[in-house]
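Residue-level structural notes
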Amino acid sequence: MNTCEITIDPVEVARYMKSGAKPLEGGLLERVKTLIAEAPIDARGVWKAEGDAIYLCGTIGSRFDQWQRRLSVLGATDALIAQAIGAAAVEAVMDRLEAEAKAANPGEWGVRRSPGYGVMPLSDSAKIVGKLDATRRIGVAVTEDHLLVPTKSVTAVCSLVITGEGLSECRR
């Protein structure tokens with residue numbers, strides 16, 4: 001997959017806005033729906049299965065970064081909504097990539113893990129981007145500080161689950 005269609009759910013946007021169990025309603029819900037419709041999403045992704053791992057990289061593109069920056073100077077509420085839309089959108093890209101990659105590579109795969117979470121160092125993003133040739137293929141680059149550009153981009157790895165004598169572990 002290089003480009004894909006995704007659906008952005010207002011409920012997911014609300015979750016990223018940290019609205020808790022309280023549903024969005026009234027004017028705020030309408031504003032979320034309006035901004036979802038306006039958001040310039042260029043959903044792209046790439047994956048590669050190699051050995052006992054699947055490497056993934058997804059993004060919603062640099063036009064979203066520009067749009068989010070513009071909204072952030074216009075008001076705090078729109079800035080919060082735009083950030084949440086971006087998070088929900090890139091997560092939808094990654095969910096779709098992961099499902100596609102796992103369907104093409106049968107096996108018992110562990111959960112998707114991303115650099116910067118748990119014991120996986122942020123510097124692993126550069127390794128994943130390089131392995132996938134993601135800069136050329138989908139426009140994702142890594143800064144010297146190991147941050148991804150465009151900002152709403154994600155790298156991840158899924159590992160095969162190895163079982164034996166009742167034990168289960170994920171290998172990196």
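Note: the structure precedes this text.
Below is a summary of the structure that appears in this document. Note that this is a predicted model, so its numbers are computed, not measured.

Brief notes about the pairing of strand S5 (residues 153-159)
Counted residue by residue, S5 has seven buried out of seven residues, so it is predominantly covered. The two faces of S5 match: Ser-153, Thr-155, Val-157 and Ser-159 on one face and Val-154, Ala-156 and Cys-158 on the other face are all buried. Of the pairings in the sheet, the one linking strand S2 (residues 53-59) to S5 comprises seven bridges and is antiparallel in character. Bridge pairing in S5 places Thr-59 opposite Ser-153.

What to know about the side chain of Asp-65
Among the secondary structure elements, Asp-65 is positioned in helix H3 (residues 62-74). Here Asp-65 is buried and forms no salt bridge, its nearest opposite-charge partner Arg-69 lying at an N-O distance of 4.7 Å. Setting aside residues up to four positions removed in sequence, Asp-65 forms contacts with Pro-150, Thr-151 and Lys-152.

Observations regarding the sheet that holds S2
The sheet built from three strands is open, its strands ordered S1-S2-S5 with antiparallel pairing. Strands at the two margins of the open sheet, each flanked by one partner only, are strand S1 (44-50) and S5. Across this sheet, the average inter-strand angle for adjacent strands is 10°, counted without regard to direction. Against the sheet, helix H5 (residues 124-132) contacts S1, S2 and S5, and its axis sits at roughly 95° relative to S2.

How each quantity is defined
- Residues numbered from 1 in each chain as written.
- Predicted model: local features only at pLDDT ≥ 70, side-chain atom pairs only at ≥ 80, totals over all residues.
- Heavy atoms only, no water.
- Buried < 20%, exposed > 50% of the residue type's maximum accessible area, 1.4 Å probe, protein only.
- Helix = DSSP H or I, 4+ residues; strand = E, 2+ residues; numbered from the N terminus.
- Pairing = 2+ DSSP bridges.
- Lys, Arg positive; Asp, Glu negative; His and termini not counted.
- Salt bridge = Lys/Arg side-chain N within 4 Å of Asp/Glu carboxyl O.
- Contact = heavy atoms within 4.5 Å.
- Axes fitted to C-alpha atoms, helices over the stretch in contact; angles between N-to-C directions.

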